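# Observations on the model geometry
Now for the letters of each chain:
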Amino acid sequence: RYRQSKQNSIKTSKSINFDIKSLMLIANPIYDVAFKYLMEDIEIARTLLSEIIGEKILELTFQPQEYVGKSDKYQVILYRLDFKAIVKSKNGEHKKVIIELQKGKNPDDILRFRRYLADNYRREDQIKGEKVSLPIITIYFLGFNLKSIKTSVIKVNRTYLDVINSREIKAKEKFIEQLTHDSFVIQILRLDNNFQSELERILQVFNQNFVTDDKKILNITEDSILQNDFLLKMINRLRKAISDEELVRKMEIEDEVENRIEQEIRKAQELEEKLIEKDKKLSEKDKKLSEQEKLIEQLRRQLKDRK
């Protein structure tokens, strides 16, 4: 199938040209719009999330939450993906949960992560006619590196501990489940070609080592990672993304907005440095004036003493 697909022609945007050797060019999912496009395929989302949490997701529904942030100069749209899922745990139990999926490009995004998490803790759902708060699983895709943790995929797992006897409690309690949550953190920039598990192989679709001169595009070149049918499905989805002119334009806008924000930050930093330098000069000037005033006062006293 793969060989046959190579021979098929592909429609592309005017700004991107394909040849037979570059059919693995895909939209870079580190971009919000490409990431959202990938996860809008519900079967891809269900399989990817199942692989990450290590439990089978039987049913998955989602509704993108779109937030528009406005300033005097910019209007930025932020996407947050919340899923409701029926999960089959390893012990065979079926449970209904919220899976909160977020992606951030810099450490400042933690404030946004906390606000969204608080929103989900306030939500209620109907189970057997009873209003309940569903357990939450959070998954964070980070476009920056955590300083002290080098691994690409991290699970923050909850355990119940009997503090009196220092023993783990195997039973689960709904009250506790609704107030605490498991988390998964994926450090995109720490993904490399030397994957050690099938999850790492699947996550190669995010591997920034495949970035091209156009950072919106990844070129998947490793034959070894193409031996996974699900990975190929994601690659095909993201390959279609770069043939969508509107989506490519949104990626360009995302770059433009980030560049403008960075420019504004640099301007603010330069202004702050200038103000600091100005304050320093004023402080030095004040110091000199003070010294001159002391000298004048000293001369006045000397003249007075002579009289």
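An account of the accompanying structure is given in this report. (Residues numbered from 1 in each chain as written. Predicted model: local features only at pLDDT ≥ 70, side-chain atom pairs only at ≥ 80, totals over all residues. Heavy atoms only, no water.)

### Let's talk about the pairing of strand 11 (residues 181-187)
By the criterion of burial, strand 11 is predominantly enclosed, with six of the seven residues buried. Where strand 7 (residues 136-142) and strand 11 come together, seven bridges link them in parallel fashion. The residue bridging Leu142 from the neighbouring strand is Gln187, located in strand 11. Here strand 8 (residues 153-156) runs beside strand 11; their pairing, made up of four bridges, is antiparallel. Bridging from a neighbouring strand, Ile154 pairs with Val185 of strand 11. (Buried < 20%, exposed > 50% of the residue type's maximum accessible area, 1.4 Å probe, protein only. Helix = DSSP H or I, 4+ residues; strand = E, 2+ residues; numbered from the N terminus. Pairing = 2+ DSSP bridges.)

### Overview of helix 7 (residues 229-241)
Its 13 residues place the ends of helix 7 19 Å apart at the C-alpha level, agreeing with the 18 Å of an ideal helix rising 1.5 Å per residue. Within helix 7, burial applies to Phe230, Leu231, Leu232, Met234, Ile235, Arg237, Leu238, Arg239 and Ala241. The backbone nitrogen of Phe230 has a side-chain oxygen 2.9 Å away, supplied by the residue at the start of helix 7, namely Asn228. (Expected span 1.5 Å × (residues − 1). Polar contact = N/O pair within 3.5 Å; in protein donor to acceptor, adjacent residues only side chain to side chain.)

### What to know about the pattern of salt bridges
Under the criterion given, the structure shown has ten salt bridges. As a salt-bridge pair, Lys95 and Glu55 come within 3.7 Å of each other at their nearest N and O atoms. Taken as a pair, Lys95 in strand 4 (residues 94-104) and Glu55 in the loop between helix 3 (42-53) and strand 2 (56-70) lie far apart in primary sequence, 40 residues in all. Of the charged contacts in the structure, one is a salt bridge between Lys170 and Glu168, with a shortest N-O distance of 3.7 Å. Assessed through its relative accessible area of 67%, Lys170 is described here as exposed. (Salt bridge = Lys/Arg side-chain N within 4 Å of Asp/Glu carboxyl O.)

### Topic: the nonpolar core
Formed by 55 residues in total, the largest nonpolar core has its most connected members in Met39, Ile139 and Phe141. Among the elements that take part in this core, helix 7 stands out by supplying seven residues, more than any other. In terms of nonpolar packing, the next biggest core, distinct from the first, is built from five residues, Tyr140, Leu142, Phe144 and Val185 among them. (Core = buried A, V, L, I, M, F, W, Y, C linked by side-chain atoms within 4.5 Å.)

### Topic: the pairing of strand 7
Counting buried positions along strand 7 yields seven of seven residues, so the element is predominantly enclosed. Across the two faces of strand 7 the burial is the same, with Ile136, Thr138, Tyr140 and Leu142 and Ile137, Ile139 and Phe141 all buried. As paired strands, strand 4 and strand 7 are joined by seven bridges and run parallel to one another. Bridge pairing in strand 7 links Leu101 to Ile139.

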